[in-house]
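Spelled out from the first residue to the last, the chains are:
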Amino acid sequence: MSQQPVLLPYSDPAFLADPFPLYRRLREDGPVRRAVLAGGLDAWLITRYEDGLAALSDPRLGSDVRDSSDPRLIAQLPAFERASMTSTMLRADPPDHTRLRRLVSKAFTARRVAALGPRVQDIADRLLDAVVPAGRAELVADFALPLPVTVIGELLGVPADDRHDFQRWTDAMLVRGETMPDPAVVDEAWRRMHGYVTEHLEAKRARPGDDLLSALISAHDEEQRLTGDELIAMTFLLLVAGYITTVNLIGGGIAALLTHPDQLALLRDHPEALPDAVEEFLRYDGPVSPGIARFAREDIEIAGVTIPRGATVVVASAIAGRDPARFTDPDRLDVTRRDNGHLAFGHGIHYCLGAPLARLEGRIAIGTVLRRLPDLALAVPPAELRWRPGGLRGPLRLPVTFGPAGRTA
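Everything quoted here is computed from the prediction, not taken from an experiment. (Residues numbered from 1 in each chain as written. Predicted model: local features only at pLDDT ≥ 70, side-chain atom pairs only at ≥ 80, totals over all residues. Heavy atoms only, no water.)

## What to know about helix H17 (residues 274–285)
A turn of α-helix holds 3.6 residues, and therefore any two residues three or four places apart point the same way.
Here comes step 1: The end-to-end C-alpha separation of H17 is 16 Å, in line with the 16 Å expected for twelve residues at 1.5 Å each.
Here comes step 2: A large share of H17 lies buried, amounting to eleven of its twelve residues.
Here comes step 3: Residues Leu 274, Asp 276, Ala 277, Val 278, Glu 279, Glu 280, Phe 281, Leu 282, Arg 283, Tyr 284 and Asp 285 constitute the buried set of H17.
Here comes step 4: Considering only its buried residues, H17 is in contact with helix H2 (20–29), helix H15 (244–258), helix H16 (261–269) and helix H19 (355–372). (Helix = DSSP H or I, 4+ residues; strand = E, 2+ residues; numbered from the N terminus. Expected span 1.5 Å × (residues − 1). Buried < 20%, exposed > 50% of the residue type's maximum accessible area, 1.4 Å probe, protein only. Contact = heavy atoms within 4.5 Å.)

Pasting the structure below:
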C-alpha cells in the first residue's frame, strides 16, 4: 500500500460539495492512509469501520494534543483551544478525563435533556413563524443556526440580550464563511468571550439559577469540584460542541432530503421514522469530516500498518460511515435504515456527552420543517450550495422556497 500522503483539497469547492468520491478511493486504497489536512498537517486516516471502532477504544491513542510530535499542531490551534486544552474532556485522557466527565455528567443529565423537548419545539415554531409569510427562507441563518444558539444560551443561563454577542464571538472563532477564520479575529473574539464567561460564572456563583452552568458550578464528587479554568473550558466546549455541529446536523439533514426527494416524501408520510432518519443523516453526511483526531502515545500497529509515536491519527467517521463491509448499500440515503451504528458521536470513553441533546434538536428541528413547510424545495440548483471548509461539514447557506403554510400546528 502506498504511503504517499494524499492532500485533502479543502480549498476546492467541488471537494467540499462532495468529498465522498475521494473518501471512497482512500478507503479502497487501504485501511490506513496518510493524508495532509487543513493547515498542512500530516495525519494517518483510519478509513474502515471496524478498525475505527477499535481505535476509538484503544488507550494507545490519546486525546491530549501534547502527545503530538508535530509542533505546528498546537501553534495552529486558536487561542481558546490552546487555553483550554488541558482543562476540557475533549483534550483530556484518564485519569483527568474520568474525573471531568463524572462531574459534568452529574449536571448534564438525561432528565435535564429530555425536559428541553417542549422548549426546543417552541423555539423551532417561533423561528418558522417568522419566515412562513414570505414563502422563502435561508434555512441556515433563519433556522438551523439560531435554534441551537438559543438552546445552548438558555442551558447556560445566558440572558437573551447577550446571546447575539455570544453568537457573534462564536461565529468568529469557527468557520462561518468559505475561508478559514483570520487568527487575529479569532483571538480577539476569544478574549471578549473569555471576559464575558468569567464574569458570567461569578454572577452564577452569587445567584445560581435552574440552568446547566449553575449545576456545573455546584457539581461535586466527594471533595472534587470543577476548577475555575475547567468551568471556563467546559463552557467553551458546550458552546462549540452544542452549537456548530448541531447547525450542521440540521442544515445537512435538510439538504440531504432536498436532494433526495424520494426520501423527503417518505419521511413526510412516515414522521415516526424521524429518529432513524437523524441517525442516517449522521452516517451518510455527518457534521464532522473526515473524522475524530487522536494522537499515538506509542508506536501502534493498525491493520498491518505501523503508526509512529506522536503521529496524528484521524478515525475517519465520514469515510467509515460508508464502508460496504459494515453498511448495506452505503452510498444510498435511506431514512428508514435501522442497523446504523455510525461513529459520528465517537465511541468508548469519549463518546459525545451531548449526543442526546443533538438528537433531540435534530428530530424536532427537521420534523417541524417537514410538518410546517409544504412543497419545500431548494431555491438554487444543488451545485450552487456552498459547504463549510475544514473539519466541520455542513451547508453555509440553504435558500429554500415553500408553499402556503399555517402558523404553529
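## Description of the sheet that holds strand S12 (residues 377–378)
Here comes step 1: Taken in spatial order, the three strands make up an open sheet running S5-S13-S12, and their pairing is antiparallel. Two strands in the sheet have a free side with no partner beyond their single neighbour: strand S5 (136–138) and S12.
Here comes step 2: Judged from the two bridges that link them, S12 and strand S13 (residues 399–401) form a sheet pairing that is antiparallel. When the bridges of S13 are listed, Ala 377 appears paired with Thr 401. (Pairing = 2+ DSSP bridges.)

## Quick look at the packing of aromatic side chains
Here comes step 1: This model, assessed by the stated rule, comprises six aromatic pairs.
Here comes step 2: Judged by centre distance (6.0 Å) and plane angle (85 degrees), the ring pair of Phe 15 and Tyr 23 falls under edge-to-face. Across the pair, exposure class does not vary: Phe 15 and Tyr 23 are buried alike.
Here comes step 3: Ring centres 6.2 Å apart and planes at 70 degrees place the aromatic pair Phe 345 and Tyr 351 in the edge-to-face group.
Here comes step 4: What makes Phe 345 buried here is its relative accessible area of 11%.
Here comes step 5: By relative accessible area, which is 28% here, Tyr 351 ends up partly exposed.
Here comes step 6: Ring pairs connect the aromatic residues Tyr 10, Phe 15, Phe 20 and Tyr 23, which therefore count as one cluster.
Here comes step 7: Positioned above the aromatic ring of Tyr 49, the side-chain terminus of Arg 326 is 5.1 Å from the ring centre. (Phe/Tyr/Trp six-rings, centres within 6.5 Å; stacked < 30°, edge-to-face > 60°. Lys NZ or Arg CZ within 6 Å of the ring centre and 35° of its normal.)

## Overview of the sheet that holds strand S3 (residues 42–46)
Here comes step 1: Taken in spatial order, the six strands line up as S1-S2-S3-S11-S8-S4 in an open sheet, and their pairing is mixed. Of all strands in the sheet, those with a lone pairing partner are strand S1 (6–7) and strand S4 (61–62), marking the two edges.
Here comes step 2: Bridge count for S1 against strand S2 (residues 32–36) is two bridges, and the pairing is parallel. Each residue of the ladder has a partner; that of Val 6, found in S2, is Ala 35.

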